[in-house]
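Survey of secondary and tertiary structure
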Amino acid sequence: MTDRYDAMILGAGAAGMMCAMRAGQRGKRVLVIEKAAKPGAKILISGGGRCNFTNIHTAPDRFLSANPHFVKSALSRYTARDFLSLVEAHGIAWHEKTLGQLFCDGSARQIVDMLVDEVERAGGTFALGQDIASVSHDGENYAVQTEDGIFTAPRLVIATGGPSIPKMGATGFAYDLARQFGLKVVEPRPALVPLTLKGEDLLFRELSGVSSDVTAIAGKTRFREAALFTHRGLSGPAILQISSYWRPGDSIAIDFFPDRPADWLLTAKRESPRRMFRSLLADALPERLAAVLADKLELDGPLQELADKKLRAAQERLARWPFTPSGSEGFAKAEVTIGGIATAELSSQTMESKKRPGLHAIGEAVDVTGWLGGYNFQWAWASGYACGEAI
């Protein structure tokens, strides 16, 4: 059979369903094609199952892209407050956790159900469990062939995301399709991902399970949150954030005492000369971490017995402790993908290809990556809404 629609959206994730909702509200006949048996799989596992659905501090400077200005139009036209209004209209209880992160009080299932309900109320149709055999364009219409038949429409939206979390079925399909139609792709790499250690840093693996509030540093970028030592390396919010700015071969640094003034060890020596160095570190750090740092610094004993020169050197090291990750835990553990369909190929207002009329790309499929904490969902909502307004 052959069915014709005004637009076909590939992917029933956050961006795809938002696009279908908005297009349907504008009277468009929309088909959402999804290879999984149910929509919103990644939404369901997000935020520990409670979905960190947006961030009230959303701003363009919280996103990475080859063109950092690309996000401004969509983000300004569909804000975190707009999505929160939708959530509240559906009676979904929510709370702010930290740093502007908004979560469901209940389950992420509520967000998926809300989106499905909105799409269906707007007249949208879902085609679930559909493996795509081919996508083509005859100069006027796009055709998508699945085992159920051929679907056609003058507009096609790529909303299949990136390859992060392959166990959820994620692939690089969006990039293959973009290349098929002549669009450029910025090399994808894992983002918001734990980093691995080897060599001299192996000692820190002994701290697996230990967490501490730190500032992670990469170049001029700094994130103040918790870092977690794992059996493979480094994780936790601060590390996931900084991983988006890290490139293989580069070093990162950790400030283990972000609240201490520059000469805090010398001040402690004057005020408490008999205080043991290791004990002083343990005032602000987990005891196991304090012990490892003291061993690495080769400092022990009462402060009064430690030369000022050594204490100054220790202060500097503790404020920028270098790590050279051997790699990351890859797309399997990455929350999102950096890179994707080049923004230079797309209109920032409509998400439409500049060279292929009727072809759009939204959400994680595009070279736009947000910080940890609801920013990537807000990009999905905003880019999906912008596209839905245009198709």
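Rules behind the numbers
Residues numbered from 1 in each chain as written. Predicted model: local features only at pLDDT ≥ 70, side-chain atom pairs only at ≥ 80, totals over all residues. Heavy atoms only, no water. Helix = DSSP H or I, 4+ residues; strand = E, 2+ residues; numbered from the N terminus. Buried < 20%, exposed > 50% of the residue type's maximum accessible area, 1.4 Å probe, protein only. Contact = heavy atoms within 4.5 Å. Areas by Shrake-Rupley, 256 points an atom, 1.4 Å probe, with all protein chains shown as cover. Lys, Arg positive; Asp, Glu negative; His and termini not counted. Charge placed at Lys NZ, Arg CZ, Asp CG, Glu CD. Pairing = 2+ DSSP bridges. Axes fitted to C-alpha atoms, helices over the stretch in contact; angles between N-to-C directions. Arc of directions from axis to C-beta. Domains from an automatic or database assignment. Buried area = accessible area lost by both parts, 1.4 Å probe. Phe/Tyr/Trp six-rings, centres within 6.5 Å; stacked < 30°, edge-to-face > 60°. Lys NZ or Arg CZ within 6 Å of the ring centre and 35° of its normal. UniProt positions renumbered as here; feature names shortened; annotations may be inferred. Parallel < 35°, antiparallel > 145°, perpendicular 65-115°, else oblique. Left-handed = near helix turned anticlockwise from the far one by under 90°. Nonpolar A, V, L, I, M, F, W, Y, C, P; charged D, E, K, R; others polar. Core = buried A, V, L, I, M, F, W, Y, C linked by side-chain atoms within 4.5 Å.

It is worth spelling out the overall build of the chain at this point. Counting secondary structure elements, the chain contains 13 helices and 23 strands. The buried share of the chain, reckoned over its 391 residues, is 53%. Nonlocal contacts in the chain, meaning residues at least 24 apart in sequence, comprise 72% of its contacts between residues at least 6 apart. Of the roughly 16700 Å² that the chain leaves accessible, carbon and sulfur atoms contribute 48%. Taking the average place of the 45 positive charges on the side chains of the chain and the average place of its 44 negative ones, the gap between the two points comes to 3 Å.

As a further point, take the environment of Ile-45. Along the polypeptide, Ile-45 turns up in helix 2 (residues 41-45). Taking C-alpha positions, Ile-45 is 7.4 Å from Ala-108, a pair spaced 63 residues apart along the chain.

The next thing to look at is the sheet that holds strand 2 (residues 7-10). Judged by pairing direction, the sheet is parallel, and its 5 strands sit side by side in the order 8-3-2-12-22 without closing on themselves. On the outer flanks of this sheet lie strand 8 (125-128) and strand 22 (359-361), each paired with one strand and no other. In this sheet, neighbouring strand axes are inclined to one another by 20° on average, regardless of whether the strands run parallel or antiparallel. Judged from the 4 bridges that link them, strand 2 and strand 12 (residues 155-158) form a sheet pairing that is parallel. The residue of strand 12 that forms the bridge with Ile-9 is Val-157. Across the sheet, helix 1 (residues 14-25) lies against strand 2, strand 3 (30-34), strand 8 and strand 12, angled at about 165° from strand 3, the strand it touches most.

It is worth spelling out the pairing of strand 11 (residues 149-153) at this point. Counting buried positions over the 5 residues of strand 11 gives 4, a clear majority of the element. Here strand 10 (residues 142-146) hands over to strand 11 after 2 residues, the two strands then running antiparallel side by side.

Let us look at the environment of Glu-187. Structurally, Glu-187 can be placed in strand 13 (residues 185-191). Looking at Glu-187, the relative accessible area reads 64%, which means it is exposed. Considered as a pair, Glu-187 and Ala-66 are 121 residues apart in the sequence and their alpha carbons are 11 Å apart.

Before going further, it helps to examine helix 4 (residues 80-89). Here helix 4 has its buried residues at Ala-80, Phe-83, Leu-84, Leu-86 and Val-87. The arc that holds the buried residues of helix 4, viewed along the axis, is 155°, so those residues lie on one side. Check the buried side of helix 4 and you find it contacts helix 1, strand 4 (52-55), strand 6 (94-96), strand 7 (101-104), helix 5 (109-121) and helix 13 (375-390). The first or second residue beyond helix 4 is Gly-91, which carries a positive phi of 70°.

Splitting the chain by domain gives domain 1 (7-190 + 337-390) and domain 2 (195-328). Centre-to-centre separation of domain 1 and domain 2, based on C-alpha positions: 39 Å. Counting from both sides, the interface comprises 7 residues of domain 1 and, opposite them, 11 residues of domain 2. Of the roughly 790 Å² buried at the junction of domain 1 and domain 2 (both faces included), carbon and sulfur atoms supply 53%.

One pass over the structure, following the stated rule, counts 15 aromatic pairs. Taking the centre distance of 5.8 Å and the plane angle of 50° together, the rings of Phe-223 and Tyr-245 count as tilted. In this pair, Phe-223 is assigned in strand 16 (residues 221-229) and Tyr-245 in the loop between helix 7 (237-243) and strand 18 (252-255), connecting sequence segments 22 residues apart. What links up through ring pairs into an aromatic cluster is the set Phe-63, Phe-223, Tyr-245, Trp-371 and Tyr-375. Sitting over the face of the ring of Tyr-5, Arg-29 holds its NZ or CZ atom 4.2 Å from the ring centroid. It is Arg-317 that lies over the ring of Trp-321; its NZ or CZ is 4.0 Å from the centre.

Right, let's talk about the UniProt feature "domain: RsdA/BaiN/AoA(So)-like insert" (unreviewed entry) in the chain for a bit. Per the UniProt record, "domain: RsdA/BaiN/AoA(So)-like insert" (unreviewed entry) is found at residues 189-336. Taken as a whole, residues 189-336 contains 32% helix and 24% strand, while its terminal C-alpha atoms sit 9 Å from one another.

Another point: the packing of helix 1 against helix 5. Relative orientation of the contacting elements helix 1 and helix 5 amounts to 30°, with a least axis distance of 8 Å. Judged by the inter-axis angle, helix 1 sits roughly parallel to helix 5. Our pair here, helix 1 against helix 5, has a crossing hand that is left-handed. In this structure, helix 1 contributes Met-17, Ala-20, Met-21 and Gln-25 to the contact, and helix 5 contributes Leu-115, Val-116, Glu-118 and Val-119. The class makeup of the residues in the contact of helix 1 with helix 5 is 6 nonpolar, 1 polar and 1 charged.

To continue, consider the nonpolar core. A general trend in soluble globular proteins is that nonpolar side chains are found buried together. Core analysis: the biggest nonpolar cluster contains 127 residues, and Phe-83, Ile-111, Phe-256 and Phe-277 have the highest contact counts within it. For this core, the leading source of residues is helix 13, giving 9 residues. Both domain 1 (7-190 + 337-390) and domain 2 (195-328) contribute no fewer than three residues apiece to this core. Excluding its chain neighbours within four sequence positions, the residues that come into contact with Phe-83 are Met-18, Phe-53, Tyr-78, Ile-111, Met-114, Gln-378 and Trp-381.

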